[in-house]
Every structure is written in C-alpha cells, then in structure tokens.
Amino acid sequence: ISGRELVSVPTQVFALDQLQVLEMSPERESCLRYQMELLPKEISHLRNLTCLYVDSNNLKEIPAEIGTLSCLERLTLSNNNLSSLPAEIGTLQRLHSLHLANNSLTELPAPLCQLRSLTFLDVSDNKIGTISPSIWHLEKLETLLLLFNSLESLPEEVCLLRNLHTLWLGNNQLKSLPAAFGELVNLDWEYNYCSCNFEGNPLESPPPEVCSKGPEGIKDYFLSLHGI
C-alpha cells in the first residue's frame, strides 16, 4: 500500500480475501507513508495472509482478530509501542517468524509460548525483565534475540531449546546462566562468533572468560562447581 495522500488503510484492501502478503510499514518503499495507530479489525477478513508487515508504525495494541489469520507464517511488529499482545496470537500455529524488537514489552507475552512452529523470535530492545518457564514449548526455535532488555536471569527451561543456533543476550543485567546452559550444543560461537553474545552483562557465574570458550567450557565450569 503506497501513497502519500492516504490517511487510512483503504477499506477495499480487506475485500482481497485471496491476498497472501500485506505490507503496511512506512519503512518499506512500497508501503504506507504514514504511521498507523490502530491495526484495523477488518484484518480478520484476510484469511489467506501468510506475511503481514506492520513494523515502524505507532501501534499500541493488536486486535484479537489477529488470531483468525491461521495461514500466517511471518509477522513483523517491530518499532511500535506495544506493551502486550492479545491471547489470540497464540492460535497462529503456522507462524515461524515473529519480529517484536523495539517495543515496550516488560515480559515475554505468555501466548508466544504456544507458537510451536516458531523458528525465529526477536524481542530485542524492549523492557523485558522475565522469561516464562513455558518457553520450553518453542521446541523448533532456532533464533532467539533478547539483547537490550532488563533480564537478570534466565529460566532453566531455556536450556531445553536444543535447536537454538543463535541466542543473543547482550546488554541485559545477567549475573549468571542456568546450570544446564552448556547443553545448548548448537550454540557454537567458538567457530561462529555471531551464534551467541554476552557483552554488556555483569556475568559472574560463569565469568566472561569461561563464556568465551563456548558450550563445552560452560559445561565444564558448572561440573567443576559440583566437584564432578
């Protein structure tokens, strides 16, 4: 949707019931040139959408009707003013990529832990202080971006996400890692620096020099603490 003269989303858009990709982000050249404050509830008419881009608007909430988009695979909500998400978002069982960076979330919304097809989740640059233990339900998750939040700890259940290849934890308030963190063997930053990062955390257990050795080094550290 493009055009500087637009002051709202044309209602005709919601009659396109075979539409699969909808871009309504001011950042994208093909899209809106103004910022939406509300995502129209009529979005529910677009039952065949697979990709919805509404990043870089001024959205403060997402309507419950988002839960009717059962074919949705990719949803970008970054750079808005969201402090919560509707419970209905947890019904999007085909969703594999969710972008929520630079919002106002203070916790990882519980409905996200129901998205069992999710492989990519970006919640960086929020105000998240806690991660629900239910995160272990995201068994297919490969990329989890948590940098620039307010995390002081991670639940042990994070260590059950054995498909994680990328986990960014930089610029939080983490003083320690879960004892089973070394079980995340696919996080191999000894060979791929971008696989995981800890910069900007006051880590003590394990200390940064141990973290730099990768999962094996972290595993050995915790084993030594228990005299094993």
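Scroll up a little and you will see the structure.
Small disclaimer: the values here were computed from a predicted structure and weren't measured. (Residues numbered from 1 in each chain as written. Predicted model: local features only at pLDDT ≥ 70, side-chain atom pairs only at ≥ 80, totals over all residues. Heavy atoms only, no water.)

Caption draft 1: Representation of the overall build of the protein in the model. On a plain count of helices and strands, the protein comes out with two helices and eight strands. Secondary structure elements of the protein, listed N to C terminal, follow the sequence β-β-β-β-β-β-β-β-α-α. With respect to the three principal axes, the spread of C-alpha positions in the protein is 65 × 30 × 30 Å. A total of 228 residues make up the protein; the buried ones form 50% of that total. Long-range contacts, defined as pairs at least 24 residues apart, comprise 38% of the intrachain contacts of the protein with a sequence gap of at least 6. Per element, the accessible surface of the protein, about 10900 Å² overall, is 49% carbon and sulfur. On the protein, the mean spot of the 15 positive side-chain charges and the mean spot of the 28 negative ones are 4 Å from each other. (Helix = DSSP H or I, 4+ residues; strand = E, 2+ residues; numbered from the N terminus. Buried < 20%, exposed > 50% of the residue type's maximum accessible area, 1.4 Å probe, protein only. Contact = heavy atoms within 4.5 Å. Areas by Shrake-Rupley, 256 points an atom, 1.4 Å probe, with all protein chains shown as cover. Lys, Arg positive; Asp, Glu negative; His and termini not counted. Charge placed at Lys NZ, Arg CZ, Asp CG, Glu CD.)

Caption draft 2: The arrangement of the sheet that holds strand 4 (residues 97-99) in detail. Across the sheet, eight strands lie side by side as 1-2-3-4-5-6-7-8; this open sheet has parallel pairing. Every interior strand has two partners, whereas the edge strands, strand 1 (21-23) and strand 8 (196-197), have only one. Inspection of the sheet shows strand 1 paired to strand 2 (residues 51-53) by three bridges, in the parallel sense. Each bridged residue has a counterpart across the sheet, and for Glu23 the counterpart in strand 2 is Tyr53. (Pairing = 2+ DSSP bridges.)

Caption draft 3: Up close: the packing of aromatic side chains. Summed over all chains, the structure comprises two aromatic pairs. A ring pair is formed by Tyr221 and Phe222, whose centres lie 5.3 Å apart and whose planes are at 80°; its orientation type is edge-to-face. Phe222 carries the same exposure label as Tyr221, and that label is buried. (Phe/Tyr/Trp six-rings, centres within 6.5 Å; stacked < 30°, edge-to-face > 60°.)

Caption draft 4: Region of interest: the layout of surface pockets. In this structure, the largest pocket occupies an estimated 180 Å³ of space. If you go around the largest pocket, you meet eleven residues; those closest to its centre are Trp189, Phe198, Glu199, Cys211 and Ser212. Of the residues that constitute the lining of the largest pocket, the class distribution is seven nonpolar, three polar and one charged. (1 Å grid on protein atoms, 1.4 Å probe; cavity = no way out; pocket = protein on both sides within 12 Å on 5 of 7 lines; lining within 4 Å. Points joined across faces, edges and corners; volume = space filled by probe spheres on them. Nonpolar A, V, L, I, M, F, W, Y, C, P; charged D, E, K, R; others polar.)

Caption draft 5: View of the environment of Leu169. Mapped onto the secondary structure, Leu169 falls in the loop between strand 7 (166-168) and strand 8. For the pair Leu169 and His99, spaced 70 residues apart in sequence, the C-alpha separation works out to 16 Å. Dropping the residues within four chain positions of it, Leu169 is found in contact with Leu146, Leu147, Leu154, Leu174, Leu177, Phe181, Asn197, Phe198 and Asn201.

Caption draft 6: Just the side chain of Thr143, in detail. Secondary-structure assignment places Thr143 in strand 6 (residues 143-145). Judged by relative accessible area, Thr143 falls into the buried class, the value being 16%. If near-sequence neighbours (up to four positions away) are discounted, Thr143 is found in contact with Thr119, Phe120, Leu121, Leu164 and Thr166.

Caption draft 7: Layout of the nonpolar core. Ranked by internal contacts, the top residues of the largest apolar core, which has 63 residues, are Leu52, Leu98, Leu121, Leu167, Phe181 and Phe198. Counting residues per element, the ones that place at least two in this core are helix 1 (208-211) and helix 2 (215-225). No other element matches helix 2, which puts three residues into this core. When neighbours within four sequence positions are excluded, Leu98 is seen to be in contact with Leu75, Leu77, Leu112, Leu115, Leu118, Phe120, Leu121 and Asp122. (Core = buried A, V, L, I, M, F, W, Y, C linked by side-chain atoms within 4.5 Å.)

Caption draft 8: The pattern of salt bridges, seen in detail. A complete count under the given rule lists one salt bridge for this structure. Ionic pairing is found between Glu183 and Lys219, a salt bridge with its closest N-O pair at 3.6 Å. A residue pair is termed long-range when its members are at least 10 positions apart, and Glu183 in the loop between strand 7 and strand 8 and Lys219 in helix 2 qualify at 36 residues. Overall, the relative accessible area of 29% leaves Glu183 in the partly exposed class. The exposure class of Lys219 is partly exposed, given its relative accessible area of 31%. (Salt bridge = Lys/Arg side-chain N within 4 Å of Asp/Glu carboxyl O.)

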